[in-house]
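Commentary on secondary and tertiary structure
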Amino acid sequence: MVTKRDYRDMTAGALLLLLGLAAAWYASENYRIGTITRMGAGLVPLSLGVMLAGLGLMLMIGGWFRKGILPEVRVLTPICVFGSIAVFGLMIQPFGLLPAVMASTTVASLAEKEFRPLRILVSGLLLSAAAWGIFVFGIGLSIPLITWKL
Amino acid sequence: MDIFANLALGLGTALSPYNLLYCFLGVFLGTIIGVIPGIGVLAAISMLFPITFHLEPTAALIMLAGIWYGTTYGGSTASILLNIPGSPSSAVTCLDGYPMARQGRGGVALLMTTLASFGGASIGIVVLTSFSPMIAKYAIYISSAEYFALMLLGLVAAATITNGSAVKGLAMVVLGLLLATVGMDSQSGAQRFTFGNIELMDGLSIVALAMGLFGVAEIVTSVRRIHPGDVDPKSATWAAMKPTRDDIRRSWVPLFRGAGIGSFFGAMPGTGPSLSAFMAYAVEHRVSRTPERFGKGAIEGVVGPESANNAADQTAFIPTLSLGIPGSPTMALMLGALMIHGINPGPNLISEQPGLFWGLVMSFWIGNLLLLILNIPLIGLWVRLLMVPYRMMYPAILMFICIGAYSVRYSPFDVFTVLGFGMLGYAMRVFSLPPAPLLLGFVLGPLVETHFRRAMIMARGDAMYFLERPFTATVLALTVAVVVWSVWAGLRRRARDKSGLLDQ
């Protein structure tokens, strides 16, 4: 969809502006700025924050004078992909490699918009075997296959 | 030292069974990744990055480098047979490679790209071997002010030259530099942006950043979009690969021209294999006596770019290894791998680690030979790989990313860092902000800050110090020129484009 102004760039610019200002403010509040010859820890983050805010502002202004296209935002796919990583991170220490890989594969597969339990089970088992072969057997990491630490 | 003694040392290192194995593994994985659309070279290298922690530094670098130039070989396969670039640097190969495949000459195109790749890479290696030690010899004398200026030029060039919008590129470099300040400040020991979190004291992990920005974000945009192609396996048989005498006559000059273009742009900051391939195509089109054949299956349009992008792959190592300044995000990851093994990149690298440098250079020859063997007789295998559906691949990639991130220090925190950068990476894709400058800023961040602060101490706070040094002043002037040029080019493009919808 074509819009009169480039709302995508304006939003991106606004976010960068806010991020830059926040970083600059946080650095100046919490770290020593020092002088130009004896710089404190805060000077470089402060100046980078200001630069980021400035570039964000330029992007916003540029977007105001440009036509734009609204980008397509996917909803289901990111939820499944991000969810699969989160599930892995939550399960790897308490439950071990096999449950974590099975669970994250299942969540990731849902992004296909179809649920095929057998296919997911088989691919989860194959991936767990491959993971164990490469990481535990191959390069000798000590990750337990199954454990129960709650 | 004698060049032949160095080459012999390198050959000895590269031919040791341990290094040879990882060289093979690198180019093999690189080819697979290059063939498959939907995983880029950066995602691949960051995925395999954790594995290299457990290797010797030389083997680690040999393997990562193998993946890098291996993808360029593999990338042309999908371009020619499916009209989808397997890697960005092979995008131009689609223009004439795909028409050749439709005319039933796909086999010839595949053979000629492999030969062109080998030729281009060989010339690139010769350039790399001759220039790196020379540059390093002079670079020993340069101080913090010069380093700061060179890195600034590298960052600005990377942010502005190859991206659509200079403002977006620069904003991402600054964001990368800002992310690099997270953790302990190397000069004062103060903790910055850690918010009391112990796991952030060492800074954000480069592995997690690269995996999230390139691996995870790429998967989110590729799921349900990439479909296995209708490929005719017959296009990749021995008989279909035999080039005509006319093909060979037309190919050898573009091969050398492409290699020259690639060698030059590969070594420059901000330009890389993709731009080299585009330039080579443009040049072939311009000098051809029959430009109307281009886009309809002209062999020159395949050979030139493929020779150029492979030459650029090799010469990209010149600034990386002789100065310690990476010109592209991939090279930044190579430096990251070195630093993790406690090796300081810089002009002293070649003299202090001759085994590593010459071993790596000689491994390029071996790797390219292996690729020639892998690509010509085994092409049928790679073509079949194009038929594996993406839905079977992405859960495996995700799993690899998760375990890789976790394995670095057995910390679920690192997995969640990957998740955070994955979200950032997807948001950046939605807003069309380029991730490559961010990675480059992140890797160079600590070095830029250290050299800047050191230079300012030496200058006693006087900014004129930078302009009084001829070398520094020249580099800074070049940096300004790059910015001015890219702003001007952007304005001119917009003026030409009446709809105002460029950069989309």
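What you see is a predicted model, and the numbers here were worked out from it, not measured in a lab.

**Re the overall build of chain B**
Counting its regular elements, chain B contains 22 helices and 2 strands. Counting the 504 residues in chain B, one finds 61% classified as buried.

**Quick word on empty space enclosed by the protein**
Residues and elements named next belong to chain B. Inspection of every chain in the model, using the stated rule, returns 3 cavities of 30 Å³ or more. Each pocket or cavity is described by its volume, and for the second largest cavity that value is around 50 Å³. As for the second largest cavity, its lining consists of Trp-68, Gly-266, Ala-267, Met-268, Thr-271, Gly-272, Pro-273, Ala-316, Pro-319, Gly-327, Ser-328 and Met-331. Taken together, the residues of the lining of the second largest cavity sort by class into 7 nonpolar, 5 polar and no charged.

**Quick word on the interface of chain A and chain B**
Contacts between chain A and chain B engage 65 residues on the former and 64 residues on the latter. Carbon and sulfur atoms supply 74% of the area that chain A and chain B bury against each other, a total of about 5,900 Å² over both sides. If you sort the residues of chain A by the area they bury against chain B, Arg-74, Phe-82 and Ile-85 of chain A come out on top, with a joint share of 12%. Remark: the boundary between chain A and chain B carries 1 salt bridge. A salt bridge links Lys-168 of chain B to Asp-9 of chain A; the nearest nitrogen and oxygen atoms lie 2.9 Å apart. Between the two partners, chain A and chain B, sit 8 residue pairs in polar contact (both at pLDDT 80 or more). Mapped onto the side of chain A that touches chain B, the elements with two or more residues apiece are α1 (7-30), α2 (43-64), β2 (68-69), α3 (76-95), α4 (97-109) and α5 (117-138) of chain A. Looking at the side of chain A that touches chain B, the element that brings in the most residues is α3 of chain A, giving 13 residues. Among the residues forming the side of chain A that touches chain B, the class breakdown is 43 nonpolar, 12 polar and 10 charged.

**Let's talk about the side chain of Glu-146 of chain B**
Of note, Glu-146 of chain B is situated in helix α7 (residues 144-160). On the basis of relative accessible area, Glu-146 of chain B is assigned to the buried category, the value being 6%.

**Here we look at the domain arrangement of chain A**
Each assigned domain of chain A is listed here: domain 1 (2-69) and domain 2 (76-138). In this structure, domain 1 of chain A and domain 2 of chain A have C-alpha centres spaced 38 Å apart.

Procedures and definitions
- Residues numbered from 1 in each chain as written.
- Chains lettered and ligands numbered in written order.
- Predicted model: local features only at pLDDT ≥ 70, side-chain atom pairs only at ≥ 80, totals over all residues.
- Heavy atoms only, no water.
- Helix = DSSP H or I, 4+ residues; strand = E, 2+ residues; numbered from the N terminus.
- Buried < 20%, exposed > 50% of the residue type's maximum accessible area, 1.4 Å probe, protein only.
- 1 Å grid on protein atoms, 1.4 Å probe; cavity = no way out; pocket = protein on both sides within 12 Å on 5 of 7 lines; lining within 4 Å.
- Points joined across faces, edges and corners; volume = space filled by probe spheres on them.
- Nonpolar A, V, L, I, M, F, W, Y, C, P; charged D, E, K, R; others polar.
- Contact = heavy atoms within 4.5 Å.
- Buried area = accessible area lost by both parts, 1.4 Å probe.
- Salt bridge = Lys/Arg side-chain N within 4 Å of Asp/Glu carboxyl O.
- Polar contact = N/O pair within 3.5 Å; in protein donor to acceptor, adjacent residues only side chain to side chain.
- Domains from an automatic or database assignment.

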